[in-house]
Amino acid sequence: MNTRLLLAPVMLLVTALLPAQHAGHHTEPAAPEAAANPHSQHQELAGDAFTSGSLYQLEAAFTGDDGRPVTLGSLRGRPVVLAMFFASCTYACPMIVADMTRIRDSLPADRRDRAALVLVSFDPRRDTPQVLVRYRKDRQLSPQWTLLHGDDGAVRELAALLGVKFKQEADGQFAHSNLISILNAEGEVVHQRAGLKGGLEDATAALARAAR
Amino acid sequence: MSRALTLLLVLVPLALARANPGLRDGMATIPAGVHVPLSRSVRDATEVKVPSFRLDIRPVTNAEFLAFVTANPKWRRSRVSPLFADKSYLHHWSGDDALGASAPADSPVVNVSWFAARAYARWVGKRLPTTAEWEHAAAAGYTTADARNEPAFTADLHAWLARPVPAVLPSVGSARANLHGVRGLHGLVWEWVDDFSTAMVTGESRADSGLDRDLFCGAGAVGAKDTSDYAAFMRQALRSSLKGNNTTTSLGFRCVEVPPTEPDSSLIP
(Lines give C-alpha, C1' and ligand atoms only; values in the text may rest on other atoms or scores of the structure.)
Protein backbone atom coordinates (compact mmCIF):
# COMPACT_ATOMS: atom_id res chain seq x y z
CA MET A 1 0.00 0.00 0.00
CA ASN A 2 1.35 3.32 -1.05
CA THR A 3 1.66 5.73 1.85
CA ARG A 4 0.65 8.59 -0.39
CA LEU A 5 -2.79 7.07 -0.71
CA LEU A 6 -3.12 7.37 3.01
CA LEU A 7 -2.06 10.94 3.19
CA ALA A 8 -5.30 12.42 1.93
CA PRO A 9 -7.58 10.66 4.43
CA VAL A 10 -5.18 11.47 7.23
CA MET A 11 -5.26 15.11 6.30
CA LEU A 12 -9.02 14.95 6.15
CA LEU A 13 -9.19 13.42 9.56
CA VAL A 14 -6.82 15.96 11.04
CA THR A 15 -8.67 18.84 9.52
CA ALA A 16 -11.99 17.44 10.58
CA LEU A 17 -10.93 17.31 14.18
CA LEU A 18 -10.01 20.96 14.23
CA PRO A 19 -13.32 22.43 15.26
CA ALA A 20 -13.31 25.67 13.35
CA GLN A 21 -12.09 24.46 10.01
CA HIS A 22 -14.28 21.54 9.11
CA ALA A 23 -16.56 23.35 6.77
CA GLY A 24 -14.00 23.28 3.98
CA HIS A 25 -15.05 19.76 3.14
CA HIS A 26 -18.64 20.69 2.75
CA THR A 27 -18.53 23.50 0.30
CA GLU A 28 -21.07 22.87 -2.38
CA PRO A 29 -20.23 22.22 -6.02
CA ALA A 30 -19.91 25.42 -7.98
CA ALA A 31 -23.07 27.10 -9.21
CA PRO A 32 -25.42 24.37 -10.38
CA GLU A 33 -28.30 26.81 -10.56
CA ALA A 34 -28.01 27.64 -14.22
CA ALA A 35 -28.62 24.11 -15.44
CA ALA A 36 -32.04 23.17 -14.20
CA ASN A 37 -34.12 25.58 -12.29
CA PRO A 38 -37.87 25.41 -12.11
CA HIS A 39 -38.17 28.98 -10.86
CA SER A 40 -36.61 30.70 -13.80
CA GLN A 41 -39.77 31.01 -15.86
CA HIS A 42 -41.21 33.43 -13.28
CA GLN A 43 -38.51 35.89 -14.12
CA GLU A 44 -39.60 36.86 -17.60
CA LEU A 45 -41.36 40.12 -18.18
CA ALA A 46 -45.07 40.14 -18.71
CA GLY A 47 -44.83 41.38 -22.27
CA ASP A 48 -46.81 44.61 -22.32
CA ALA A 49 -43.99 46.85 -21.32
CA PHE A 50 -44.53 49.17 -18.42
CA THR A 51 -42.21 52.16 -18.31
CA SER A 52 -38.95 51.64 -16.46
CA GLY A 53 -40.19 53.84 -13.61
CA SER A 54 -43.55 52.15 -13.30
CA LEU A 55 -44.53 50.52 -10.02
CA TYR A 56 -46.66 48.20 -12.11
CA GLN A 57 -43.55 46.22 -13.02
CA LEU A 58 -44.10 44.64 -9.63
CA GLU A 59 -46.15 41.59 -10.41
CA ALA A 60 -46.96 40.92 -6.79
CA ALA A 61 -50.41 39.42 -6.34
CA PHE A 62 -52.84 41.21 -4.07
CA THR A 63 -56.41 40.40 -3.13
CA GLY A 64 -59.19 42.97 -3.07
CA ASP A 65 -61.71 43.14 -0.27
CA ASP A 66 -64.12 41.53 -2.73
CA GLY A 67 -61.84 38.48 -2.63
CA ARG A 68 -60.65 38.89 -6.22
CA PRO A 69 -56.99 38.78 -7.22
CA VAL A 70 -55.61 42.19 -8.15
CA THR A 71 -52.29 43.21 -9.68
CA LEU A 72 -51.26 46.82 -9.40
CA GLY A 73 -51.01 46.96 -13.19
CA SER A 74 -54.82 46.83 -13.36
CA LEU A 75 -54.76 50.47 -12.20
CA ARG A 76 -52.91 51.50 -15.35
CA GLY A 77 -54.44 54.45 -17.12
CA ARG A 78 -55.85 56.08 -14.00
CA PRO A 79 -54.31 58.63 -11.68
CA VAL A 80 -53.77 56.93 -8.33
CA VAL A 81 -53.59 58.07 -4.73
CA LEU A 82 -51.95 55.24 -2.81
CA ALA A 83 -51.01 54.64 0.81
CA MET A 84 -50.06 51.70 2.96
CA PHE A 85 -51.88 51.29 6.26
CA PHE A 86 -53.25 48.76 8.74
CA ALA A 87 -56.91 48.54 9.61
CA SER A 88 -56.57 48.46 13.39
CA CYS A 89 -54.50 51.66 13.40
CA THR A 90 -56.28 54.30 15.41
CA TYR A 91 -53.96 57.26 15.03
CA ALA A 92 -52.23 58.00 11.75
CA CYS A 93 -54.12 55.78 9.32
CA PRO A 94 -57.53 57.45 9.71
CA MET A 95 -55.78 60.77 9.06
CA ILE A 96 -54.16 59.33 5.95
CA VAL A 97 -57.56 58.18 4.70
CA ALA A 98 -58.99 61.63 5.39
CA ASP A 99 -56.10 63.28 3.56
CA MET A 100 -56.51 60.98 0.58
CA THR A 101 -60.19 61.94 0.41
CA ARG A 102 -59.29 65.62 0.48
CA ILE A 103 -56.69 65.15 -2.25
CA ARG A 104 -59.25 63.39 -4.42
CA ASP A 105 -61.91 66.02 -3.72
CA SER A 106 -59.53 68.70 -4.94
CA LEU A 107 -59.79 67.44 -8.51
CA PRO A 108 -62.12 69.22 -10.92
CA ALA A 109 -65.55 67.62 -10.73
CA ASP A 110 -65.34 66.09 -14.19
CA ARG A 111 -62.14 64.21 -13.35
CA ARG A 112 -62.80 63.33 -9.76
CA ASP A 113 -64.20 59.90 -10.44
CA ARG A 114 -61.31 58.77 -12.61
CA ALA A 115 -58.83 58.69 -9.76
CA ALA A 116 -58.23 55.44 -7.94
CA LEU A 117 -57.82 55.59 -4.17
CA VAL A 118 -55.77 52.63 -3.06
CA LEU A 119 -55.04 51.40 0.46
CA VAL A 120 -52.64 48.47 0.82
CA SER A 121 -52.40 46.83 4.24
CA PHE A 122 -49.00 45.93 5.65
CA ASP A 123 -50.69 43.70 8.22
CA PRO A 124 -51.34 40.53 6.19
CA ARG A 125 -52.18 38.40 9.21
CA ARG A 126 -54.98 40.51 10.62
CA ASP A 127 -56.16 42.48 7.60
CA THR A 128 -57.81 39.66 5.69
CA PRO A 129 -60.18 40.62 2.86
CA GLN A 130 -63.05 40.11 5.33
CA VAL A 131 -61.52 42.61 7.74
CA LEU A 132 -61.06 45.04 4.86
CA VAL A 133 -64.75 44.65 3.94
CA ARG A 134 -65.62 45.76 7.45
CA TYR A 135 -63.12 48.61 7.23
CA ARG A 136 -64.75 49.82 4.01
CA LYS A 137 -68.15 49.70 5.67
CA ASP A 138 -67.07 51.41 8.89
CA ARG A 139 -65.28 54.19 7.02
CA GLN A 140 -67.98 54.44 4.38
CA LEU A 141 -65.47 54.16 1.56
CA SER A 142 -67.02 54.35 -1.90
CA PRO A 143 -66.25 51.86 -4.70
CA GLN A 144 -63.62 54.34 -5.88
CA TRP A 145 -61.46 52.95 -3.08
CA THR A 146 -59.47 49.79 -3.63
CA LEU A 147 -58.49 47.96 -0.44
CA LEU A 148 -55.74 45.42 -0.93
CA HIS A 149 -54.44 42.49 1.04
CA GLY A 150 -51.11 40.90 0.09
CA ASP A 151 -48.80 38.31 1.55
CA ASP A 152 -45.58 39.25 3.34
CA GLY A 153 -43.50 39.26 0.17
CA ALA A 154 -45.93 41.40 -1.82
CA VAL A 155 -46.26 43.91 0.98
CA ARG A 156 -42.51 44.10 1.59
CA GLU A 157 -41.71 44.64 -2.06
CA LEU A 158 -44.32 47.33 -2.54
CA ALA A 159 -43.17 49.04 0.65
CA ALA A 160 -39.58 48.92 -0.56
CA LEU A 161 -40.55 50.45 -3.90
CA LEU A 162 -42.45 53.25 -2.18
CA GLY A 163 -39.86 53.82 0.54
CA VAL A 164 -42.36 52.91 3.24
CA LYS A 165 -40.79 51.48 6.38
CA PHE A 166 -42.88 49.53 8.81
CA LYS A 167 -42.32 47.30 11.79
CA GLN A 168 -44.71 45.37 13.96
CA GLU A 169 -44.18 45.99 17.63
CA ALA A 170 -44.75 43.69 20.57
CA ASP A 171 -48.26 45.01 21.19
CA GLY A 172 -49.30 44.26 17.60
CA GLN A 173 -49.32 47.90 16.52
CA PHE A 174 -47.12 48.97 13.64
CA ALA A 175 -44.56 51.70 13.56
CA HIS A 176 -44.72 52.95 10.00
CA SER A 177 -44.01 55.74 7.58
CA ASN A 178 -46.88 58.04 6.83
CA LEU A 179 -46.63 58.35 3.12
CA ILE A 180 -49.19 59.15 0.45
CA SER A 181 -48.00 58.50 -3.10
CA ILE A 182 -49.46 59.98 -6.27
CA LEU A 183 -49.04 57.79 -9.37
CA ASN A 184 -49.58 58.88 -12.94
CA ALA A 185 -51.37 56.79 -15.55
CA GLU A 186 -48.22 54.74 -16.13
CA GLY A 187 -47.88 53.90 -12.47
CA GLU A 188 -44.89 56.16 -11.91
CA VAL A 189 -44.63 57.88 -8.56
CA VAL A 190 -44.92 61.58 -9.37
CA HIS A 191 -45.27 62.88 -5.83
CA GLN A 192 -45.00 61.65 -2.28
CA ARG A 193 -46.35 63.37 0.75
CA ALA A 194 -44.51 62.38 3.90
CA GLY A 195 -45.80 62.91 7.40
CA LEU A 196 -49.11 64.17 8.62
CA LYS A 197 -48.41 67.85 8.93
CA GLY A 198 -48.44 70.55 6.32
CA GLY A 199 -50.76 71.30 3.44
CA LEU A 200 -51.88 69.03 0.68
CA GLU A 201 -51.30 71.55 -2.14
CA ASP A 202 -48.37 69.73 -3.70
CA ALA A 203 -50.19 66.43 -3.61
CA THR A 204 -53.36 67.86 -5.09
CA ALA A 205 -51.38 69.63 -7.83
CA ALA A 206 -49.56 66.40 -8.66
CA LEU A 207 -52.82 64.49 -8.85
CA ALA A 208 -54.38 67.17 -11.05
CA ARG A 209 -51.44 66.86 -13.46
CA ALA A 210 -51.69 63.09 -13.40
CA ALA A 211 -55.43 63.28 -14.11
CA ARG A 212 -55.02 65.38 -17.21
CA MET B 1 -1.85 -1.33 6.35
CA SER B 2 -5.18 -2.00 4.76
CA ARG B 3 -6.72 -2.25 8.20
CA ALA B 4 -5.42 1.20 8.97
CA LEU B 5 -6.93 2.45 5.75
CA THR B 6 -10.26 0.84 6.54
CA LEU B 7 -10.19 2.39 9.95
CA LEU B 8 -9.53 5.79 8.46
CA LEU B 9 -12.29 5.40 5.88
CA VAL B 10 -14.68 4.68 8.70
CA LEU B 11 -13.34 7.33 11.01
CA VAL B 12 -13.15 10.19 8.58
CA PRO B 13 -16.85 10.35 7.72
CA LEU B 14 -17.66 9.82 11.38
CA ALA B 15 -15.42 12.68 12.39
CA LEU B 16 -16.94 14.91 9.75
CA ALA B 17 -20.44 14.00 10.83
CA ARG B 18 -19.62 14.69 14.44
CA ALA B 19 -17.99 18.00 13.64
CA ASN B 20 -21.24 19.45 12.34
CA PRO B 21 -23.95 17.12 11.12
CA GLY B 22 -25.94 20.08 9.75
CA LEU B 23 -23.50 20.88 6.97
CA ARG B 24 -24.67 19.69 3.55
CA ASP B 25 -25.61 21.10 0.15
CA GLY B 26 -23.60 24.18 0.93
CA MET B 27 -25.88 25.03 3.82
CA ALA B 28 -25.57 24.81 7.56
CA THR B 29 -28.26 24.12 10.12
CA ILE B 30 -28.56 26.94 12.59
CA PRO B 31 -30.07 25.70 15.84
CA ALA B 32 -33.11 27.44 17.31
CA GLY B 33 -32.30 30.36 19.54
CA VAL B 34 -33.21 33.82 20.66
CA HIS B 35 -32.39 37.12 19.01
CA VAL B 36 -32.30 40.24 21.15
CA PRO B 37 -33.09 43.12 18.82
CA LEU B 38 -30.89 46.15 18.93
CA SER B 39 -33.66 48.62 19.30
CA ARG B 40 -34.86 51.67 21.12
CA SER B 41 -38.63 51.40 21.03
CA VAL B 42 -40.09 50.63 24.43
CA ARG B 43 -42.87 48.74 22.73
CA ASP B 44 -40.52 46.40 20.93
CA ALA B 45 -40.31 42.79 21.94
CA THR B 46 -37.18 42.31 24.00
CA GLU B 47 -36.56 38.89 22.48
CA VAL B 48 -37.41 37.22 19.21
CA LYS B 49 -37.52 33.43 19.14
CA VAL B 50 -35.74 32.09 16.07
CA PRO B 51 -36.68 28.55 15.02
CA SER B 52 -33.95 26.37 13.55
CA PHE B 53 -33.24 27.08 9.88
CA ARG B 54 -30.76 26.26 7.11
CA LEU B 55 -28.43 29.02 5.94
CA ASP B 56 -25.96 29.20 3.05
CA ILE B 57 -22.46 28.53 4.33
CA ARG B 58 -21.05 31.24 2.09
CA PRO B 59 -22.39 34.44 0.59
CA VAL B 60 -23.52 34.22 -3.04
CA THR B 61 -20.55 34.56 -5.41
CA ASN B 62 -20.06 36.53 -8.60
CA ALA B 63 -20.10 33.29 -10.60
CA GLU B 64 -23.39 32.22 -9.06
CA PHE B 65 -24.96 35.61 -9.64
CA LEU B 66 -23.68 35.62 -13.22
CA ALA B 67 -25.55 32.36 -13.82
CA PHE B 68 -28.69 34.04 -12.55
CA VAL B 69 -28.24 37.14 -14.68
CA THR B 70 -27.49 35.03 -17.75
CA ALA B 71 -30.67 33.04 -17.28
CA ASN B 72 -32.73 36.14 -16.45
CA PRO B 73 -31.77 38.90 -18.88
CA LYS B 74 -34.05 41.44 -17.21
CA TRP B 75 -31.54 41.44 -14.35
CA ARG B 76 -28.65 42.43 -16.61
CA ARG B 77 -26.94 45.66 -15.75
CA SER B 78 -28.11 47.28 -18.96
CA ARG B 79 -31.70 46.09 -18.68
CA VAL B 80 -32.64 46.32 -15.04
CA SER B 81 -35.29 48.85 -14.05
CA PRO B 82 -33.97 51.73 -11.94
CA LEU B 83 -36.78 50.96 -9.50
CA PHE B 84 -35.20 47.59 -8.73
CA ALA B 85 -31.50 48.47 -8.88
CA ASP B 86 -29.71 51.79 -8.92
CA LYS B 87 -26.92 52.94 -11.20
CA SER B 88 -24.05 51.16 -9.46
CA TYR B 89 -25.72 47.74 -9.83
CA LEU B 90 -22.98 45.23 -10.75
CA HIS B 91 -20.78 48.09 -11.85
CA HIS B 92 -17.64 46.20 -10.82
CA TRP B 93 -18.35 43.59 -13.49
CA SER B 94 -16.58 44.12 -16.79
CA GLY B 95 -19.78 43.73 -18.77
CA ASP B 96 -23.42 42.72 -18.82
CA ASP B 97 -22.50 39.06 -18.59
CA ALA B 98 -18.78 39.15 -17.90
CA LEU B 99 -17.08 39.34 -14.51
CA GLY B 100 -13.59 40.69 -15.25
CA ALA B 101 -10.64 41.30 -12.97
CA SER B 102 -12.51 43.27 -10.31
CA ALA B 103 -15.01 40.51 -9.77
CA PRO B 104 -13.33 37.14 -9.20
CA ALA B 105 -15.71 34.23 -9.74
CA ASP B 106 -15.51 32.99 -6.17
CA SER B 107 -15.68 36.36 -4.44
CA PRO B 108 -18.94 37.46 -2.88
CA VAL B 109 -21.17 39.33 -5.30
CA VAL B 110 -21.72 42.93 -4.24
CA ASN B 111 -23.39 45.94 -5.83
CA VAL B 112 -26.66 44.04 -5.78
CA SER B 113 -29.97 45.49 -4.68
CA TRP B 114 -32.44 43.93 -2.27
CA PHE B 115 -34.80 43.32 -5.17
CA ALA B 116 -32.05 41.56 -7.13
CA ALA B 117 -31.04 39.50 -4.10
CA ARG B 118 -34.64 38.45 -3.57
CA ALA B 119 -35.04 37.55 -7.22
CA TYR B 120 -31.89 35.42 -7.07
CA ALA B 121 -33.08 33.68 -3.90
CA ARG B 122 -36.40 32.91 -5.50
CA TRP B 123 -34.66 31.58 -8.59
CA VAL B 124 -32.68 29.06 -6.55
CA GLY B 125 -35.78 28.15 -4.55
CA LYS B 126 -34.61 29.90 -1.40
CA ARG B 127 -35.27 33.21 0.35
CA LEU B 128 -33.32 35.90 2.15
CA PRO B 129 -32.83 35.53 5.91
CA THR B 130 -34.78 37.73 8.28
CA THR B 131 -32.88 40.14 10.50
CA ALA B 132 -33.49 37.87 13.50
CA GLU B 133 -32.22 34.81 11.63
CA TRP B 134 -29.14 36.57 10.29
CA GLU B 135 -28.24 38.11 13.63
CA HIS B 136 -28.80 34.83 15.45
CA ALA B 137 -26.49 32.94 13.05
CA ALA B 138 -23.94 35.74 13.19
CA ALA B 139 -23.96 35.94 16.97
CA ALA B 140 -21.86 32.78 17.11
CA GLY B 141 -18.11 33.02 17.40
CA TYR B 142 -15.58 30.52 16.15
CA THR B 143 -16.17 28.10 18.99
CA THR B 144 -19.11 29.37 21.06
CA ALA B 145 -22.70 30.44 20.40
CA ASP B 146 -22.12 33.93 21.76
CA ALA B 147 -19.14 35.64 20.18
CA ARG B 148 -19.09 38.34 22.82
CA ASN B 149 -17.32 35.82 25.04
CA GLU B 150 -14.60 35.26 22.46
CA PRO B 151 -11.92 37.95 22.49
CA ALA B 152 -10.19 36.43 19.44
CA PHE B 153 -13.39 36.66 17.43
CA THR B 154 -14.19 40.19 18.55
CA ALA B 155 -10.67 41.27 17.69
CA ASP B 156 -11.03 39.88 14.14
CA LEU B 157 -14.42 41.55 13.80
CA HIS B 158 -13.19 44.95 14.89
CA ALA B 159 -10.12 44.63 12.69
CA TRP B 160 -12.40 44.05 9.72
CA LEU B 161 -14.58 47.03 10.61
CA ALA B 162 -11.49 49.20 10.73
CA ARG B 163 -10.19 48.09 7.34
CA PRO B 164 -11.37 49.79 4.17
CA VAL B 165 -13.17 47.58 1.68
CA PRO B 166 -10.52 46.10 -0.64
CA ALA B 167 -10.85 46.96 -4.33
CA VAL B 168 -11.09 43.27 -5.13
CA LEU B 169 -12.87 41.15 -2.56
CA PRO B 170 -11.30 37.87 -1.41
CA SER B 171 -12.77 34.44 -2.07
CA VAL B 172 -15.84 33.45 -0.05
CA GLY B 173 -13.83 30.47 1.15
CA SER B 174 -11.23 32.70 2.79
CA ALA B 175 -13.35 33.50 5.82
CA ARG B 176 -13.04 31.31 8.88
CA ALA B 177 -16.11 29.24 9.72
CA ASN B 178 -18.07 30.07 12.84
CA LEU B 179 -19.46 27.58 15.34
CA HIS B 180 -22.28 26.61 12.97
CA GLY B 181 -19.89 26.13 10.04
CA VAL B 182 -21.03 29.37 8.36
CA ARG B 183 -18.37 31.54 6.74
CA GLY B 184 -18.06 35.23 6.15
CA LEU B 185 -21.04 36.56 8.11
CA HIS B 186 -18.41 38.95 9.40
CA GLY B 187 -15.22 39.90 7.66
CA LEU B 188 -16.23 39.79 4.02
CA VAL B 189 -19.18 41.99 3.12
CA TRP B 190 -22.37 43.31 4.66
CA GLU B 191 -25.44 41.30 3.75
CA TRP B 192 -29.03 42.04 2.84
CA VAL B 193 -31.81 40.75 5.05
CA ASP B 194 -35.37 40.26 3.87
CA ASP B 195 -36.90 42.67 6.37
CA PHE B 196 -34.23 45.37 6.14
CA SER B 197 -36.98 47.97 5.88
CA THR B 198 -38.12 47.27 9.43
CA ALA B 199 -34.92 48.82 10.74
CA MET B 200 -35.91 52.31 11.74
CA VAL B 201 -33.32 54.41 13.41
CA THR B 202 -35.69 56.78 15.15
CA GLY B 203 -38.56 54.40 15.79
CA GLU B 204 -40.85 57.39 15.41
CA SER B 205 -44.09 56.23 13.87
CA ARG B 206 -45.97 59.48 13.61
CA ALA B 207 -43.86 61.63 11.33
CA ASP B 208 -41.17 59.28 10.10
CA SER B 209 -40.89 59.21 6.36
CA GLY B 210 -37.89 56.93 6.17
CA LEU B 211 -37.21 58.59 2.84
CA ASP B 212 -34.45 61.09 3.23
CA ARG B 213 -32.45 59.71 6.06
CA ASP B 214 -28.74 60.31 5.81
CA LEU B 215 -26.51 57.31 5.66
CA PHE B 216 -25.28 56.08 9.03
CA CYS B 217 -27.26 58.42 11.23
CA GLY B 218 -25.87 58.21 14.75
CA ALA B 219 -29.11 58.82 16.59
CA GLY B 220 -29.97 55.15 16.82
CA ALA B 221 -27.17 54.40 19.27
CA VAL B 222 -28.93 56.27 22.04
CA GLY B 223 -31.55 53.69 22.79
CA ALA B 224 -29.67 50.66 21.59
CA LYS B 225 -29.82 47.55 23.73
CA ASP B 226 -26.11 46.99 23.85
CA THR B 227 -24.08 49.96 22.75
CA SER B 228 -20.84 48.01 23.06
CA ASP B 229 -21.86 45.89 20.11
CA TYR B 230 -20.58 48.34 17.49
CA ALA B 231 -20.88 45.88 14.64
CA ALA B 232 -24.54 45.19 15.35
CA PHE B 233 -25.21 48.89 15.57
CA MET B 234 -23.47 49.50 12.27
CA ARG B 235 -25.59 46.83 10.61
CA GLN B 236 -28.74 48.37 12.07
CA ALA B 237 -27.69 51.81 10.86
CA LEU B 238 -26.87 50.48 7.41
CA ARG B 239 -30.20 48.67 7.08
CA SER B 240 -32.17 51.70 8.19
CA SER B 241 -30.38 53.84 5.63
CA LEU B 242 -31.02 51.60 2.65
CA LYS B 243 -33.67 51.56 0.01
CA GLY B 244 -34.58 48.40 -1.83
CA ASN B 245 -32.88 49.45 -5.06
CA ASN B 246 -29.64 50.62 -3.43
CA THR B 247 -26.38 48.86 -4.23
CA THR B 248 -22.98 49.34 -2.61
CA THR B 249 -19.47 47.99 -3.05
CA SER B 250 -19.61 46.07 0.21
CA LEU B 251 -23.16 44.76 0.33
CA GLY B 252 -23.94 41.21 -0.78
CA PHE B 253 -26.26 38.47 0.47
CA ARG B 254 -26.79 34.80 1.20
CA CYS B 255 -29.91 32.67 1.24
CA VAL B 256 -32.00 30.54 3.56
CA GLU B 257 -33.68 27.26 2.65
CA VAL B 258 -37.43 27.42 2.19
CA PRO B 259 -38.91 24.36 3.89
CA PRO B 260 -41.64 22.66 1.84
CA THR B 261 -44.27 23.81 4.33
CA GLU B 262 -43.31 27.46 4.21
CA PRO B 263 -45.34 29.47 1.71
CA ASP B 264 -43.36 31.13 -1.04
CA SER B 265 -43.60 34.81 -0.34
CA SER B 266 -41.24 36.08 -3.00
CA LEU B 267 -43.13 37.87 -5.68
CA ILE B 268 -40.53 39.72 -7.60
CA PRO B 269 -41.55 40.06 -11.27
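In this text the structure is predicted, and so the values were computed from the model without any measurement.

Looking now at the overall build of chain B. Regarding its fold elements, chain B presents 6 helices and 8 strands. In chain B, the order of α-helices and β-strands from amino to carboxyl end is α-β-β-β-β-α-α-β-α-α-β-α-β-β. In chain B, 73% of the contacts between residues at least 6 apart in sequence involve partners at least 24 apart.

A count of helical and extended segments in chain A gives 5 helices and 9 strands. Counting from the amino terminus, helix and strand elements in chain A follow one another as α-β-β-β-α-β-α-β-α-β-β-β-β-α. The contacts of chain A with a sequence gap of at least 6 include a subset with a gap of at least 24, amounting to 64%.

To continue, consider the sheet that holds strand β1 (residues 61-64) of chain A. Residue and element names in this part refer to chain A. What the 7 strands build is an open sheet, ordered β2-β1-β5-β4-β3-β8-β9; its pairing is mixed. Across the chains shown, the open sheet's two edge strands, defined by having one partner strand only, are β2 (69-71) and β9 (189-194). Direction aside, the axes of adjacent strands within the sheet are offset by 30 degrees on average. Pairing of strand β3 (residues 80-85) with strand β4 (residues 116-121) involves 6 bridges; the strand directions are parallel. Bridging across to β4, L82 finds its partner in V118. Helix α5 (residues 201-210) contacts β3, β8 (179-183) and β9 of the sheet and is inclined by roughly 160 degrees relative to β9.

V81(A), A116(B) and Y120(B) are the most contacted members of the largest nonpolar core, which has 114 residues in total. The greatest single-element share of this core, amounting to 8 residues, is contributed by helix α3 (residues 114-123) of chain B. In this structure, Y120(B) is in contact with V60(B), F65(B) and F68(B), ignoring residues within four places of it in sequence.

Another aspect to go through is α5(A). All names here are of chain A. The set of residues buried in α5 consists of A203, T204, A206, L207 and A210. Along the long axis of α5, the arc covered by the buried residues comes to 160 degrees, so they all point the same way. The inward-facing, buried residues of α5 abut β3, α2 (92-105), β8 and β9.

Within the chain, Q140(A) stands out as a residue other than glycine whose phi angle is a positive 55 degrees. For Q140(A), the location among the structural elements is in the loop between α3 (129-139) and β5 (145-150).

When pLDDT drops low, the exact placement of atoms in the prediction is not to be read closely. With 75% of its residues at a pLDDT of 70 or more, chain B has an overall mean of 81. Confidence over residues 13-18 of chain B falls short of pLDDT 50; this stretch has 6 contacts with residues more than four positions distant or in other chains.

So, about the pairing of β3(A). Regular strands place their side chains on alternate faces of the sheet. Residues and elements named next belong to chain A. The buried fraction of β3 amounts to 6 of the 6 residues, a majority that puts the element mostly inside the structure. What you see with β3 is no split at all: V80, L82 and M84 on one side and V81, A83 and F85 on the other are buried throughout. A crossover links β3 with its parallel partner β4, the connecting element being α2, and its sense is right-handed. As defined by bridge partners, β3 adjoins β8 across 4 bridges and the pair is classed as antiparallel. Across the sheet, V80 pairs through a bridge with L183, a residue of β8.

All right, on to helix α4 (residues 131-138) of chain B then. For α4(B), the buried fraction is high: 8 of the 8 residues fall into the buried class. Every buried residue of α4(B) is accounted for by T131(B), A132(B), E133(B), W134(B), E135(B), H136(B), A137(B) and A138(B).

All right, on to the confidence of the model for chain A then. For chain A, per-residue confidence averages 79 on the pLDDT scale, and residues scoring 70 or more make up 77% of the total. A low-confidence stretch, residues 1-47 of chain A (pLDDT under 50), is modelled with 77 contacts involving residues beyond four sequence positions or located in other chains.

Calculation notes
Sequence order as written defines the numbering, with residues in each chain counted from 1. Labels follow written order: the first chain is A, the first ligand is 1, and so on. Local features in a predicted model are, by the rule used here, given only for residues with pLDDT of at least 70; side-chain atom pairs are given and counted only at 80 or more, and totals for whole chains, interfaces and linings are based on all residues. Counting from the N terminus, the helices are DSSP H or I runs at least four residues long and the strands are E runs at least two residues long. By the convention adopted here, residues make contact when the C-beta atoms placed from their backbones lie within 7 Å. Strands pair, by our definition, only if DSSP identifies at least two bridges between them. The angle between two axes is taken between their N-to-C directions and runs from 0 to 180 degrees, where each axis is a line fitted to C-alpha atoms and a helix contributes only its stretch in contact. Defined on buried residues, the nonpolar core groups Ala, Val, Leu, Ile, Met, Phe, Trp, Tyr and Cys residues joined through C-beta atoms within 7 Å. Note on burial: count the other C-beta atoms lying within 10 Å of the residue's C-beta; 20 or more is buried, 12 or fewer is exposed, in between is partly exposed, and C-beta positions come from the backbone. It is the directions from the helix axis to the C-beta atoms that the arc portrays. Here pLDDT means the predictor's own confidence in every residue, given as a number from 0 to 100. Assignment of crossover handedness uses the view with strands pointing away from the viewer, where a clockwise path from the first strand over the helix to the second indicates a right-handed crossover.

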